[in-house]
Amino acid sequence: MTVGQHAAPAARPGGRWRRWRRARPFTAGLLVALGGVEMLVTLRAPLGVLLHVGPQGLAAYLVPAILVLCGALLVATPQQRVFYALLSLLLGLVSWLTSNLGGFLIGMLLALVGGALAFAWTPDKQRRPEPTAPPPAPREPADDTPETTEVIPLDRG
């Protein structure tokens, strides 16, 4: 190898996946979606105490479905993370009333932690390597400036 040629660094497996995942609130979206799925599963639980009457019956399915959608949208569109994070936090709290105590607390806690993580997530700033410029050369005097300065006496007369 010559001085100008360098071997490319070996690519680690999963490098593209890792870069994609770190460029968005992936863990937050996953937790929010898992919280919604857990609430939907507890709605289908064969327990005699679960009762769905009137608008709460619709809200019991609507709140977890929107949470799953918020989790997917957090991963898909990280630019809108603040809106989806606030929506998931609000729906996580509402699920306490509508979805069997928030999916027996587990789904509600997953949604709240995921929403908080999404709200706190910030995109990574890409660090661009600074170009290595040669140091500035010392300035040379211009050709029209004299090397020596003459003192001219004033005429008083």
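Summarised in this report is the structure supplied together with it. Nothing here was measured: the structure is a model prediction, and the numbers come from that model.

**What to know about the packing of aromatic side chains**
Each pair of aromatic rings is reported with the distance of its centres and the angle of its planes.
Here is step 1: This model, assessed by the stated rule, comprises 4 aromatic pairs.
Here is step 2: Arranged with centres 5.5 Å apart and planes meeting at 85 degrees, the rings of W17 and F26 form a pair that is edge-to-face.
Here is step 3: For W17, a relative accessible area of 44% translates into the label partly exposed.
Here is step 4: Ring-pair connections join several aromatic residues into one group, and the members of that group are W17, W20 and F26.

**Digging into unusual backbone geometry**
Trans peptide bonds make up most of the peptide bonds, and negative phi angles are found at most residues other than glycine.
Here is step 1: The backbone of F104 shows a phi angle near 55 degrees, a positive value even though the residue is not glycine.
Here is step 2: One can find F104 in helix α5 (residues 100-104).
Here is step 3: Judged by its relative accessible area of 39%, F104 falls in the partly exposed class.
Here is step 4: Its identity as a non-glycine residue notwithstanding, L105 has a phi of 70 degrees, on the positive side.
Here is step 5: Locating L105 in the fold gives a position in the loop between α5 and α6 (106-120).
Here is step 6: The exposure class assigned to L105 is partly exposed, which follows from its relative accessible area of 39%.

**Digging into the environment of G107**
Here is step 1: Relative to the helices and strands, G107 resides in helix α6.
Here is step 2: Placed 75 residues apart in sequence, G107 and V32 show a C-alpha to C-alpha distance of 8.4 Å.

**Some thoughts on a nonpolar patch on the surface**
Here is step 1: On the surface, W96, L97, L101, L105 and L109 cluster together to form a nonpolar patch covering roughly 490 Å² of accessible area.
Here is step 2: Tracing the chain through its elements places L109 in helix α6.

**Thoughts on the environment of L89**
Here is step 1: By the secondary structure assignment, L89 is in helix α4 (residues 81-98).
Here is step 2: According to the relative accessible area criterion, L89 is partly exposed, its value standing at 23%.
Here is step 3: Sequence separation between L89 and A116 is 27 residues, and the spatial gap between their C-alpha atoms is 7.2 Å.

**Details of the side chain of E38**
Here is step 1: One can find E38 in helix α2 (residues 26-43).
Here is step 2: Sequence-distant contacts of E38, defined by excluding residues within four places in its chain, comprise G102, G103, I106 and G107.

**Description of the packing of α2 against α6**
The relative placement of two packed helices is expressed as an angle between their axes plus a distance between the axes.
Here is step 1: Where α2 meets α6, the axes come as close as 7 Å, and the angle between the chain directions of the two elements is 160 degrees. In terms of orientation, α2 and α6 fall into the roughly antiparallel class. Note on packing geometry: the crossing formed by α2 with α6 is left-handed. Between α2 and α6, the residues in contact are T27, A28, L31, V32, L34, G35, E38 and M39 and I106, G107, M108, L110, A111, V113, G114, G115, L117 and A118, respectively.
Here is step 2: Here the residues of the contact of α2 with α6 sort into 12 nonpolar, 5 polar and 1 charged.

**Here we look at the environment of A116**
Here is step 1: As for its placement among the helices and strands, A116 is situated in helix α6.
Here is step 2: A sequence separation of 34 residues divides A116 from V82, and the C-alpha atoms of the two residues are 9.8 Å apart.

Rules and cut-offs
- Residues numbered from 1 in each chain as written.
- Predicted model: local features only at pLDDT ≥ 70, side-chain atom pairs only at ≥ 80, totals over all residues.
- Heavy atoms only, no water.
- Phe/Tyr/Trp six-rings, centres within 6.5 Å; stacked < 30°, edge-to-face > 60°.
- Buried < 20%, exposed > 50% of the residue type's maximum accessible area, 1.4 Å probe, protein only.
- Helix = DSSP H or I, 4+ residues; strand = E, 2+ residues; numbered from the N terminus.
- Patch = residues over 30% accessible without salt bridge, like charges linked within 9 Å, V, L, I, M, F, W, Y side chains within 5 Å.
- Areas by Shrake-Rupley, 256 points an atom, 1.4 Å probe, with all protein chains shown as cover.
- Salt bridge = Lys/Arg side-chain N within 4 Å of Asp/Glu carboxyl O.
- Contact = heavy atoms within 4.5 Å.
- Axes fitted to C-alpha atoms, helices over the stretch in contact; angles between N-to-C directions.
- Parallel < 35°, antiparallel > 145°, perpendicular 65-115°, else oblique.
- Left-handed = near helix turned anticlockwise from the far one by under 90°.
- Nonpolar A, V, L, I, M, F, W, Y, C, P; charged D, E, K, R; others polar.

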